[in-house]
Amino acid sequence: MASLRFQSDALLAVATRIFSAVGAPDDVAALVAGALVTANLMGHDSHGVLRVPEYVRAVRGGGVDVRAQPRVVSVRGATALVSGEWAFGQLTGRAAMREAVRLAGEYGVGMAAAVRCAHLGRVGEYVEQAAARGCVGMVWVGGLNQVAVPFRGARRALGTNPMAVGFPVDEAHPVVLDFATTSVAAGKISAARAAGRAVTPGWIVDREGQPTTDPGAFYDGGALLPFAGHKGYALSVMVDLLGQALTGADAPPGSRLDWDGTADQRRSGALFCAVELGAFRPADEAIASAQRTLNRLRSVPPREGFDRVLTPGQPEALASAERSRTGIEVAEATWRAICETALAAGLSRDDLPAPAP
């Protein structure tokens with residue numbers, strides 16, 4: 001299926017206008033749109049403008065309160081509880097990491113539990129936020145929609161349960177790990193379906209638990225697989241416990257538990273951690289040590305078929321540079337959905353950008 005190409009500023013403008021049209025304050029609309037377009041620029045299309053129609057549906061369905069603001073519920077020592085109040089997840093994620101960084105400035109380490117969370121988007125954004133403040137950042141997200149089978153299982157029981165870690169080596173390009181504990185993020189299945197592509201073997205199973213490469217099978221009762229078999233499954237379980245059981249996301253403040261233990265039918269939560277770079281040794285020594293590690297890895301000769309060894313965060317930096325220059329590809333089906341969402345929100349066809357030549 002064909003795709004269209006857009007410059008990032010054009011996508012940013014239309015996404016911002018759509019979120020404003022459904023009631024978001026202008027600054028919030030711009031922040032959320034910016035987070036999505038940045039994900040596209042970094043090569044994470046599963047968390048890019050593909051999400052615009054989904055977010056608008058969440059607003060219309062009451063899953064997101066466009067005027068809500070996250071709040072700090074309580075602080076105990078180096079820990080804080082942050083309620084997202086069902087605001088856009090990007091606001092909640094930034095607020096929680098901001099609080100973790102603040103506490104790290106006082107104690108050397110800070111942790112913030114975020115509950116009542118809407119979709120947080122690209123979680124690497126929050127460890128980059130910590131790195132920009134001179135902290136190692138970590139995020140564990142649990143309790144999202146159950147879309148993955150456990151190892152040896154044939155029925156959905158886990159979320160994608162993503163995690164991220166960021167280490168500030170230099171301000172421009174921190175070392176960043178950011179991935180789901182499933183073989184792939186659920187958004188990549190959506191992106192493949194929109195583009196009319198088969199998915200990579202080992203990503204999903206169908207409703208009978210059998211391997212398939214048909215992205216439609218995922219939406220017909222199929223499920224994602226954990227990465228690395230039992231290892232990815234075990235990691236997913238621990239992320240779920242950190243993001244939900246530890247934080248209290250399964251019973252956030254002011255909620256009522258249902259008969260099956262769910263709170264308001266939504267249980268997404270996350271644990272945010274920040275560690276000052278100078279907590280255990282002078283910060284400049286930590287940076288120098290980290291740089292030596294990166295230099296050692298990058299100096300390894302590449303095997304046949306590759307031009308060089310990359311370290312975590314470099315692929316995103318390279319993608320951002322390339323896409324800033326050449327534009328962002330959007331599948332035609334995705335663009336149609338965005339246009340339909342825009343028109344339904346009250347925008348006119350004149351408000352929609354034309355694809356780049």
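Scroll up a little and you will see the structure.
Residues numbered from 1 in each chain as written. Predicted model: local features only at pLDDT ≥ 70, side-chain atom pairs only at ≥ 80, totals over all residues. Heavy atoms only, no water.

Asks: Can you break down the overall build of the protein chain residue by residue, with the values?
Replies: The number of helices and strands found in the protein chain is eleven helices and twelve strands. Scaling as 2.2 N^0.38, a compact globule of 357 residues should have a C-alpha radius of gyration of about 21 Å, and the protein chain matches this with 20 Å. Residue pairs at least 24 apart in sequence account for 64% of intrachain contacts in the protein chain once pairs closer than 6 positions are excluded. When the accessible area of the protein chain is evaluated, it comes to approximately 16,900 Å², of which 53% is carbon and sulfur surface. For the protein chain, the distance from the average position of its 35 positive side-chain charges to the average position of its 35 negative side-chain charges is 2 Å. (Helix = DSSP H or I, 4+ residues; strand = E, 2+ residues; numbered from the N terminus. Rg over C-alpha atoms; globule rule 2.2 N^0.38 Å. Contact = heavy atoms within 4.5 Å. Areas by Shrake-Rupley, 256 points an atom, 1.4 Å probe, with all protein chains shown as cover. Lys, Arg positive; Asp, Glu negative; His and termini not counted. Charge placed at Lys NZ, Arg CZ, Asp CG, Glu CD.)

Asks: Describe the nonpolar core, naming the residues involved and giving the relevant values.
Replies: By size, the foremost hydrophobic cluster in this structure holds 34 residues, and its most contacted members are Leu11, Ile18, Phe19, Phe88 and Trp335. Contributions of two or more residues to this core are made by α1 (8-21), α2 (26-41), α3 (52-60), β12 (328-331) and α11 (332-344). Here this core takes seven residues from α2, the largest share from any one element. Core analysis: the second largest hydrophobic core is formed by 22 residues, Ala100, Ala130, Val141 and Val176 among them. (Core = buried A, V, L, I, M, F, W, Y, C linked by side-chain atoms within 4.5 Å. Buried < 20%, exposed > 50% of the residue type's maximum accessible area, 1.4 Å probe, protein only.)

Asks: Explain the sheet that holds strand β7 (residues 175-179) to me, and be specific about the residues and the numbers.
Replies: Note on sheets: strands pair through backbone hydrogen bonds, and any given pair is parallel or antiparallel. Spatially, β2-β3-β4-β11-β5-β6-β7 is the arrangement adopted by the seven strands of the open sheet, whose pairing is mixed. The sheet is open, and its two edges are formed by β2 (71-76) and β7, each paired on a single side. Neighbour-to-neighbour, the strand axes of the sheet open up by a mean angle of 15°, direction not taken into account. Looking at chain direction, strand β5 (residues 135-142) and strand β11 (residues 269-276) are connected through eight bridges and run antiparallel. Bridge pairing in β11 places Cys135 opposite Glu276. Against the sheet, helix α8 (residues 230-245) touches β5, β6 (163-167) and β11, its axis set at about 95° to β5. (Pairing = 2+ DSSP bridges. Axes fitted to C-alpha atoms, helices over the stretch in contact; angles between N-to-C directions.)

Asks: Go over the packing of aromatic side chains, please, and point to the residues and values.
Replies: In this structure the tally under the stated criterion is seven aromatic pairs. Plain terms: the ring middles of Tyr55 and Phe88 are 6.2 Å apart, the flat faces sit at 45° to each other, and that makes the pair tilted. Linking Tyr55 in helix α3 with Phe88 in the loop between β3 (79-83) and α4 (89-107), this pair joins segments that are 33 residues apart in sequence. One exposure class covers both Tyr55 and Phe88, and it is buried. Put simply, the rings of Phe19, Tyr55 and Phe88 touch in pairs and so form one group of aromatic residues. (Phe/Tyr/Trp six-rings, centres within 6.5 Å; stacked < 30°, edge-to-face > 60°.)

Asks: Break down the side chain of Thr92 for me, citing the residues and quoting the values.
Replies: Relative to the assigned elements, Thr92 resides in helix α4. Of the residues examined, Thr92 reaches a relative accessible area of 0% and is grouped as buried. When residues no more than four places from it in sequence are discounted, the contact partners of Thr92 are Pro70, Gly84, Ala87, Ala114, Cys117 and Leu120.

Asks: Any chance you could break down the pattern of salt bridges for me, citing the residues and the numbers?
Replies: Note that side chains of opposite charge can pair when their charged atoms are close. Taken as a whole and judged by the stated rule, the model has eleven salt bridges. For Asp351, the salt bridge goes to Arg17, with nearest N and O atoms at 2.8 Å. Taken together, the residues Asp351 in the segment after α11 and Arg17 in helix α1 connect sequence positions 334 residues apart. Looking at Asp351, the relative accessible area reads 22%, which means it is partly exposed. Put simply, Glu125 and Arg94 hold a salt bridge, and the shortest N to O gap is 2.7 Å. Here Glu125, found in helix α5 (residues 124-132), pairs with Arg94, found in helix α4; they are 31 residues apart in sequence, far enough to count as distant. The exposure class of Glu125 is buried, given its relative accessible area of 10%. (Salt bridge = Lys/Arg side-chain N within 4 Å of Asp/Glu carboxyl O.)

Asks: Which residues make up unusual backbone geometry, and what are the values?
Replies: One non-glycine residue with positive phi stands out, namely Trp86, at about 60°. Looking at where Trp86 falls in the secondary structure, it is placed in the loop between β3 and α4. At Ala228, a position not held by glycine, the phi torsion is positive, near 55°. With respect to the helices and strands, Ala228 occurs in the loop between β10 (223-224) and α8. By relative accessible area, which is 49% here, Ala228 ends up partly exposed.

Asks: Just give me the short version of α4, but keep the residues and values in it.
Replies: The terminal C-alpha atoms of α4, which comprises 19 residues, lie 27 Å apart, in line with the 27 Å expected from a rise of 1.5 Å per residue. Gly108 sits one or two positions beyond α4 and adopts a positive phi of about 95°. (Expected span 1.5 Å × (residues − 1).)

Asks: Can you tell me about the pairing of β5, naming the residues and giving the values?
Replies: A large share of β5 lies buried, amounting to eight of its eight residues. Residues Cys135, Gly137, Val139 and Val141 of β5 are buried on one face, and the alternating residues Val136, Met138, Trp140 and Gly142, pointing to the opposite face, are buried as well. One ladder, built from four bridges, connects β5 with β6; its direction is antiparallel. Residue pairing in the sheet places Val139 in a bridge with Ala164 of β6.

Asks: Explain the sheet that holds strand β9 (residues 211-212) residue by residue, including any values.
Replies: Taken together, three strands build an open sheet; the order of strands is β9-β8-β10 and the sheet is antiparallel. In this open sheet, the two strands that pair with only one neighbour each are β9 and β10. Taken together, the two bridges between strand β8 (residues 204-205) and β10 define a ladder with antiparallel strand orientation. Note that in β10 the partner of Ile204 across the bridge is Leu224.

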